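Results of the structural survey
Here are the chains, one letter per residue:
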Amino acid sequence: NAESLEEAEVDPEAEDWVAVDKAYWRAPEGPGTSYKYRESHPVVHVSHRDAAEYCKWVGKRLPGEREWEAAARAGHYGPKNRTLYVWGDDQTTEAAKDYANLWGEGDFPWSNKAEDGWQATSPVRSYKPN
């Protein structure tokens, strides 16, 4: 959907992100796209407000920053783990691609070379556990 991206509105407060007209959960990249075959992929297009309202509805809460970091590092955090990433301090695509879904070396958000094996989101359990 390169045409949609080229025509998309760019938010000056978030210049690396683009608003794609008529994109929502059933059409994640806009008209002509589908969520089908993505049932095991993470949810996209959810605002903080949406997430908070969902939590309120199910009687839960969003995790705090420390809880999020602990979950992301599978409990390996604190003074014994001072690396920037769960795989270490190496921020290269080569080091990260076995652990995380990432954009890679392409010009974000316009060109994704899919070095991690995925053009967009990846299914749950695609990477080594942290």
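The structure this text deals with has already been given above.
What this report covers is the structure whose coordinates are included nearby. This one's a predicted model, so the numbers in the text were calculated from it and none came from an experiment. (Residues numbered from 1 in each chain as written. Predicted model: local features only at pLDDT ≥ 70, side-chain atom pairs only at ≥ 80, totals over all residues. Heavy atoms only, no water.)

1. Re the overall build of the protein
Of regular secondary structure, the protein possesses four helices and two strands. Counting only residues that meet the buried cut, the protein has 17% of its 130 residues in that class. In the protein, once contacts between residues fewer than 6 apart in sequence are set aside, the share between residues at least 24 apart is 30%. (Helix = DSSP H or I, 4+ residues; strand = E, 2+ residues; numbered from the N terminus. Buried < 20%, exposed > 50% of the residue type's maximum accessible area, 1.4 Å probe, protein only. Contact = heavy atoms within 4.5 Å.)

2. Some thoughts on the packing of aromatic side chains
According to the stated counting rule, one finds three aromatic pairs in the structure shown. Aromatic pair Tyr85 and Trp87: ring centres 4.8 Å apart, planes at 5 degrees, arrangement stacked. For Tyr85, a relative accessible area of 25% translates into the label partly exposed. Relative to Tyr99, the ring of Trp87 lies with its centre 5.9 Å away and its plane at 25 degrees, an arrangement referred to as stacked. With Trp87 in the loop between α3 (65-72) and α4 (93-96) and Tyr99 in the segment after α4, the pair connects residues that are 12 residues apart, well separated along the chain. Taking the relative accessible area as the measure of exposure, Trp87 reaches 23% and is therefore partly exposed. Residue classification places Tyr99 among the partly exposed residues on the basis of a relative accessible area of 31%. An aromatic cluster is built from Tyr85, Trp87 and Tyr99, whose rings are joined through pairwise contacts. (Phe/Tyr/Trp six-rings, centres within 6.5 Å; stacked < 30°, edge-to-face > 60°.)

3. Quick word on the pattern of salt bridges
Side chains bearing opposite charge may pair, as long as their charged atoms lie close to each other. Tallied over the full model, the rule gives three salt bridges. A salt bridge links Arg38 to Glu29; the shortest N-O distance between them is 2.8 Å. The shortest N-O distance in the salt bridge between Lys97 and Glu94 comes to 3.3 Å. For Glu94, a relative accessible area of 56% corresponds to the exposed category. (Salt bridge = Lys/Arg side-chain N within 4 Å of Asp/Glu carboxyl O.)

4. Here we look at the environment of Val44
Looking at the element boundaries, Val44 is found in the loop between β2 (14-19) and α2 (48-58). Setting aside residues no more than four positions away along its own chain, Val44 makes contact with Pro28 and Thr121.

5. With respect to unusual backbone geometry
For Lys22, which is not glycine, the phi torsion reads 65 degrees and is therefore positive. Along the polypeptide, Lys22 turns up in the loop between β2 and α2. Here Lys22 falls in the exposed class, since its relative accessible area comes to 61%. With a phi close to 55 degrees, Ala114 is a non-glycine residue in the positive phi region.

6. Observations concerning the environment of Trp87
Distance in space between the C-alpha atoms of Trp87 and Tyr99 is 7.2 Å, their sequence separation being 12 residues. Excluding residues that lie within four positions of it along the chain, Trp87 makes contacts with Ala95, Ala96, Tyr99 and Ala100. In terms of polar contacts, Trp87 uses its side chain to reach the backbone carbonyl oxygen of Asp90, at 2.8 Å. (Polar contact = N/O pair within 3.5 Å; in protein donor to acceptor, adjacent residues only side chain to side chain.)

7. Here we look at the side chain of Asn112
Mapped onto the elements of the fold, Asn112 is located in the segment after α4. One polar contact links the side chain of Asn112 to the main-chain amide nitrogen of Ala114, over a distance of 2.7 Å. Only 2.8 Å separates the side chain of Asn112 from the backbone oxygen of Gln119, close enough to count as a polar contact. Non-local contacts of Asn112, meaning those with residues more than four positions away in its chain, are made with Leu102, Trp103, Trp118 and Gln119.

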